[in-house]
Amino acid sequence: MQSSVAPPTSDKKPAKPAAKDKRFKALDVTMKRNQYRQDALIEILHKAQGAFGYLEEEVLEYIARNLKLPLSRVYGVATFYHLFSLKPAGAHTCVVCMGTACYVKGGDKVLAALEEHTGVHSGETTPDGQVSLVTARCIGACGIAPAVVFDGQVAAQQTPESVIEGIKGWQE
């Protein structure tokens, strides 16, 4: 999920993370196992996202400092790859496939209905933190197009009406 968050611009050195925070300890173990190699950045970012849920500014600064990399490079990698997120995900995730087969069979209309219903665009989370709306280039389910993934469960031949029904109950 690409982010539109501006890169961190802080000139001051970030505060040391909480010494007892197990998430930073897990990150330290990963960096140590990789001998603080700069070429292990993607693996370390992946571990950080798994531990924290998303890559917040403090985590990016911590990784940059420990790998002796410019923050701009760490941020650049974090924003380049779709698997990284700089914002917390919602409690529920709805992924609309936008591959050729899904798009031709109405994926664009499905996405438009979800955006209108939730009030957010693809790549965003509703203000209540309940629904993250995401698009995928292709989920490999062309035979059941248009496909939508509701919290990890693939749903076949979706329509604008069926996707709204699919997320009913996610928002209070």
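Residues numbered from 1 in each chain as written. Predicted model: local features only at pLDDT ≥ 70, side-chain atom pairs only at ≥ 80, totals over all residues. Heavy atoms only, no water.

A. Fine view of the pattern of salt bridges. Overall, the coordinates contain five salt bridges when judged by the stated rule. When the shortest N-O distance is used, the salt bridge between Glu43 and Arg33 registers 2.8 Å. Of this pair, Glu43 sits in helix H2 (residues 41-52) while Arg33 sits in helix H1 (residues 22-33), and the two are ten residues apart along the sequence. Exposure remark for Arg33: the relative accessible area of 52% places this residue in the exposed category. (Salt bridge = Lys/Arg side-chain N within 4 Å of Asp/Glu carboxyl O. Helix = DSSP H or I, 4+ residues; strand = E, 2+ residues; numbered from the N terminus. Buried < 20%, exposed > 50% of the residue type's maximum accessible area, 1.4 Å probe, protein only.)

B. Structural detail: unusual backbone geometry. Of note, the amide linkage connecting Ala145 to Pro146 takes the cis form, showing an omega dihedral of -10°. Position of Pro146 among the secondary structure elements: in the loop between strand S3 (131-136) and strand S4 (148-150). Of note, the phi angle at Gln157 is positive, near 45°, even though the residue is not glycine. Residue placement: Gln157 occurs in the loop between strand S5 (153-155) and helix H6 (160-167). The class for Gln157 is exposed, based on a relative accessible area of 55%.

C. Focus on the packing of H1 against H2. Across the interface, H1 lies against H2 with an axial gap of 9 Å and an inter-helix angle of 165°. Relative to H2, H1 is oriented roughly antiparallel. Every pair of crossing elements has a handedness; the one defined by H1 and H2 is right-handed. Of H2, the residues touching H1 (which contributes Arg23, Phe24, Ala26, Leu27, Thr30, Met31 and Arg33) are Glu43, Ile44, Lys47, Ala48, Ala51 and Phe52. Of the residues assigned to the contact of H1 with H2, the class counts are eight nonpolar, one polar and four charged. (Axes fitted to C-alpha atoms, helices over the stretch in contact; angles between N-to-C directions. Parallel < 35°, antiparallel > 145°, perpendicular 65-115°, else oblique. Left-handed = near helix turned anticlockwise from the far one by under 90°. Contact = heavy atoms within 4.5 Å. Nonpolar A, V, L, I, M, F, W, Y, C, P; charged D, E, K, R; others polar.)

D. Local environment of H1. Here H1 is twelve residues long and its end C-alpha atoms lie 16 Å apart, about the 16 Å a rise of 1.5 Å per residue gives. Taken as a whole, H1 has its buried residues at Phe24, Leu27, Thr30 and Met31. Take H1 and look down its axis: the buried residues cluster within an arc of 115°, on one side only. Summarising the geometry of H1, the exposed residues directed more than 90 degrees from the buried face are Lys22, Val29, Lys32 and Arg33. Where H1 is buried, its residues contact H2 and helix H3 (57-67). Its side-chain oxygen placed 2.9 Å from the backbone nitrogen of Arg23, Asp21 serves as the N-cap of H1. (Expected span 1.5 Å × (residues − 1). Arc of directions from axis to C-beta. Polar contact = N/O pair within 3.5 Å; in protein donor to acceptor, adjacent residues only side chain to side chain.)

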